Amino acid sequence: MCGIIGYVGNKNVINILIDGLKSLEYRGYDSAGIAYRTCNRIEIIKASGKIKSLEGKLKKDVYGNIGIGHTRWATHGKPDEKNCHPHRQGKFTIVHNGIIENYESLKRLLIKNGYKFKSETDSEVIAALLDKLYKEKPDILKVLVQIKNLLVGSYALGILCDDIPNTLYAIRKDSPLIVGLSEKENFIASDVPAILKYTDKYIIIKSNEIIEINEKVNIYDDKLEKINKEILTFEGNITQAEKNGYDHFMLKEIHEEPEAIKNTIKPFLKYGLDSLIENMPIFEKYANIIIVGCGSAYHAGLIGKNLIEKYANIRSDVYIASEFRHQKVFTDENTLVILISQSGETADTLACLRKANELGLDTLAIVNVIGSSLAREASKTIYINAGPEISVATTKAYLAQIAILSLIALTIGNTRNLISDKKALEIIASFEDVPFILETLINEDYKGIAKTIYRKDNCFYIGRGVDYAISLEGALKLKEIAYITSIAYPAGELKHGTISLIDKGTNVIAVVTDKNIAEKTINNIKEVKARGAFITLITTDKLDEDFEWADNKIIIPNSNDFTNPIIASIPIQLIGYECAKLRGCDIDKPRNLAKSVTVE
Ligand code: F6R
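Note that the structure is a prediction, hence the values are computed from the model and not measured.

**Details of the pairing of strand β4 (residues 66-72)**
The buried count for β4 comes to seven of seven residues, which makes it a mostly enclosed element. Neither face of β4 is exposed, since I66, I68, H70 and R72 on one face and G67, G69 and T71 on the opposite face are all buried. Looking at chain direction, strand β1 (residues 3-8) and β4 are connected through six bridges and run antiparallel. When the sheet's bridge partners are listed, I4 is paired in β4 with H70. In this sheet, β4 lies alongside strand β2 (residues 31-38) in antiparallel orientation, the contact comprising six bridges. When the sheet's bridge partners are listed, G33 is paired in β4 with H70.

Here it is as structure tokens:
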């Protein structure tokens, strides 16, 4: 998500802020800005787009020795200049990483107190609130204690106050923050890479701590008692630091999945059914849903189709975007077109949106990147809030897309009285357990299984219904990052031709999570096993069998139809990852692929 940097010292702050922001680029961002003190006033420079655009706006021959900088990953408001940080209100200039959940009520209160807001962000509210509290009691440390009790949500804040010109303040809750230490200069940053050019000494800041930085660093607890903290020395290089110690961005992003899913579902499930119905679009009029996407987004769409048809009783057709845009489609005024895309810029998906718009159909975009073309041009947008993905192969965004589609099925099912309130509440409760289940599954060992698979250049993934949809994603992961020719096949279709490819030792990965069709899939697995296949089974603990015939077994906890596809996606992603690693592939940048496919 966003990145922050702050500096106080004897060097020119501008270069240090820009360097710091550049080394936070890996976190993903869509605009950037800096604020620094020069000639006794605060200068703020902002630009949408890349840091290069910001550099283009910097004045020559300016000097300052205290400042803050920010790379913004838009959450509230478009990634344009007015929403870009730093934000300033009264005597306070701030940068913020995180989301303030109660910003609307705080904003109403501040407007009543005469504050005017220039941006749509939750962050500008923090600057105004600091200013208001400071006017009431001009004691900055006490104000920081006070504001911590008023802000609900997550934040790491870098703060400049006009009255205290040579001191930088910082606080945090849930969003990361470190303090970098060097001779005659000190830093704050979201992450270690931002300071590594200048120092390898840093302190990790905890949620209840208040930071005051000038030529010294003071850290206080919430009673404003000074505390001593351990100074750490970073051992490693910048690239390792960016990946948070993980070998690859893909693995880092898989480990971020529990948090990503929490962020995806939070706005919809915060107050149970009420927030679900309130925050979802109104689906009442639709008798027909068309879902469009490419690659993993298409696979997420197939899972959505299964749930929408089963639980909302609405016909739902899923199309690969590059096909849909050129084919005849049958629609009427009761058709909703859902377009799924992590980047929101995929050329084919965008073309399908434009086609649907031309046909006068209602469109709903499910996207990750705020303010992307798809989000701007669709009649409605749901943001999945998965956070930036760097690795080319999608992981956390795919999971978040499934979560949103499941919640759509739940909303429609409930509003059409096909899912009772009681049942819906049970499903909502099960969603809240998902991050914990993911955490446990992610930490299991998939390397041992990958070692039995990775040497062969071919593999089959098989399943039925929703398990076939999950299989498609599993097979794509093996193809794109491990370069294994993997084919996903509906288990029941094998004996109509493809089973002739099964030979001694052929790898077959079978997904069996849907209890209703499990028996039939298991029969198909036994058919390929009898022909010599090497079976890796992914199933749930609900199926009462010991599966002694499977060569590898991955047993996931059974939840329900709405959450099982999210949970089952962990093993398929990690099998892909571990196989790719064993095959020595370039996991984060697979050959011939790009993160955002903006050409047809
Ligand atoms: C696979 C993958 C791709 C994308 C596809 C669509 O791991 O990342 O298949 O899912 O290119 O991209 P978006 O979601 O940006 O439209």
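**Points about a negative patch on the surface**
Among the surface-exposed residues, E519, D544, E545, D546 and E548 lie close enough to one another that they form a single negatively charged patch. Positionally, E548 belongs in the loop between β23 (534-540) and β24 (552-556).

**Considerations on the packing of aromatic side chains**
On inspection of all chains with the given rule, the structure shows six aromatic pairs. Taking the centre distance of 5.7 Å and the plane angle of 25° together, the rings of F187 and Y198 count as stacked. With F187 in strand β10 (residues 185-189) and Y198 in the loop between β10 and β11 (201-204), this residue pair connects regions lying 11 residues apart in the sequence. Exposure remark for F187: the relative accessible area of 0% places this residue in the buried category. A network of ring pairs unites the aromatic residues Y7, F187 and Y198 as a single cluster. Sitting over the ring of Y29, K50 keeps its end group 4.5 Å from the ring centre. Seen from the ring of F324, K355 lies directly overhead, with NZ or CZ sitting 5.2 Å from the centre.

**Examining the site of the ligand**
Close to the ligand lie 14 residues; S341, Q342, S343, T346 and E480 are nearest. A distance of 3.0 Å separates an oxygen atom of the ligand from a polar atom in the backbone of T394. The side chain of K477 places a nitrogen or oxygen atom 2.8 Å from an oxygen atom of the ligand. Surface burial for the ligand is 89%, taken as the share of its 410 Å² of free accessible area covered by protein chains.

**Side note on the packing of helix α14 (residues 396-415) against helix α15 (residues 421-442)**
Contact pair α14 / α15: the axes reach a minimum separation of 10 Å and the direction vectors enclose 170°. Relative to α15, α14 is oriented roughly antiparallel. Packed against α14, whose contacting residues are L399, A403, S406, L407, L410 and N414, the element α15 presents D421, A424, I427, I428, F431 and L438 at the interface. Residue composition of the contact of α14 with α15, grouped by class: nine nonpolar, two polar and one charged.

**Quick notes on the domain arrangement of the protein**
When the parts come together, some accessible area is lost, and that loss is often what is quoted as the size of the interface. Here the protein is partitioned into domain 1 (3-240), domain 2 (246-441) and domain 3 (444-592). Each of domain 1 and domain 2 has a C-alpha centre, and these two points are 33 Å apart. Both faces considered, domain 1 and domain 2 share a buried interface measuring about 900 Å² in area, 67% of it formed by carbon and sulfur atoms. Summed over the three residues of domain 1 that lose the most area to domain 2, namely Y26, W73 and E101, the buried surface amounts to 56% of that side. Salt-bridge contacts for E101 lead to K266; the nearest nitrogen and oxygen are separated by 3.0 Å.

**Considerations on unusual backbone geometry**
Looking along the chain, the bond that leaves H85 and enters P86 is cis, with omega of -5°. Along the polypeptide, P86 turns up in the loop between β4 and β5 (87-89). A positive phi angle is found at L224, which is not glycine, with a value near 65°. Turning to its location among the elements, L224 is positioned in the loop between β13 (217-220) and β14 (232-233). Take L224: its relative accessible area is 25%, and that puts it in the partly exposed class. Of note, F547 is a non-glycine position whose phi angle comes to about 50°, a positive value. In this structure F547 comes out as buried when scored by relative accessible area, which is 2%.

**Here we look at the packing of α15 against helix α19 (residues 564-582)**
One way to put it is that α15 packs onto α19 with a least axis distance of 9 Å and a crossing angle of 20°. For the element pair α15 / α19, the angle class is roughly parallel. By crossing handedness, the relation of α15 to α19 is classed as right-handed. Residues F431, V434, I437, L438, L441 and I442 of α15 lie in contact with α19, whose contacting residues are I566, I567, I570 and L574.

**Observations regarding helix α5 (residues 140-150)**
Listed as buried for α5 are I140, L141, V143, L144, V145, I147 and K148. Elements that come into contact with the buried residues of α5 comprise β6 (92-97), α4 (123-136), β7 (155-161), β8 (168-173), β12 (210-213) and β13.

**Description of the sheet that holds strand β18 (residues 362-367)**
In spatial order, the strands read β16-β15-β17-β18-β19; together these five strands make up an open sheet with parallel pairing. Each having just a single partner strand, β16 (315-320) and β19 (380-383) make up the two edges of the open sheet. Taking each pair of neighbouring strands and ignoring which way they run, the sheet shows an average axis angle of 20°.

Criteria and cut-off values
- Residues numbered from 1 in each chain as written.
- Predicted model: local features only at pLDDT ≥ 70, side-chain atom pairs only at ≥ 80, totals over all residues.
- Heavy atoms only, no water.
- Buried < 20%, exposed > 50% of the residue type's maximum accessible area, 1.4 Å probe, protein only.
- Helix = DSSP H or I, 4+ residues; strand = E, 2+ residues; numbered from the N terminus.
- Pairing = 2+ DSSP bridges.
- Patch = residues over 30% accessible without salt bridge, like charges linked within 9 Å, V, L, I, M, F, W, Y side chains within 5 Å.
- Areas by Shrake-Rupley, 256 points an atom, 1.4 Å probe, with all protein chains shown as cover.
- Salt bridge = Lys/Arg side-chain N within 4 Å of Asp/Glu carboxyl O.
- Lys, Arg positive; Asp, Glu negative; His and termini not counted.
- Charge placed at Lys NZ, Arg CZ, Asp CG, Glu CD.
- Phe/Tyr/Trp six-rings, centres within 6.5 Å; stacked < 30°, edge-to-face > 60°.
- Lys NZ or Arg CZ within 6 Å of the ring centre and 35° of its normal.
- Near = heavy atom within 4 Å.
- Polar contact = N/O pair within 3.5 Å; in protein donor to acceptor, adjacent residues only side chain to side chain.
- Axes fitted to C-alpha atoms, helices over the stretch in contact; angles between N-to-C directions.
- Parallel < 35°, antiparallel > 145°, perpendicular 65-115°, else oblique.
- Contact = heavy atoms within 4.5 Å.
- Nonpolar A, V, L, I, M, F, W, Y, C, P; charged D, E, K, R; others polar.
- Domains from an automatic or database assignment.
- Buried area = accessible area lost by both parts, 1.4 Å probe.
- Left-handed = near helix turned anticlockwise from the far one by under 90°.

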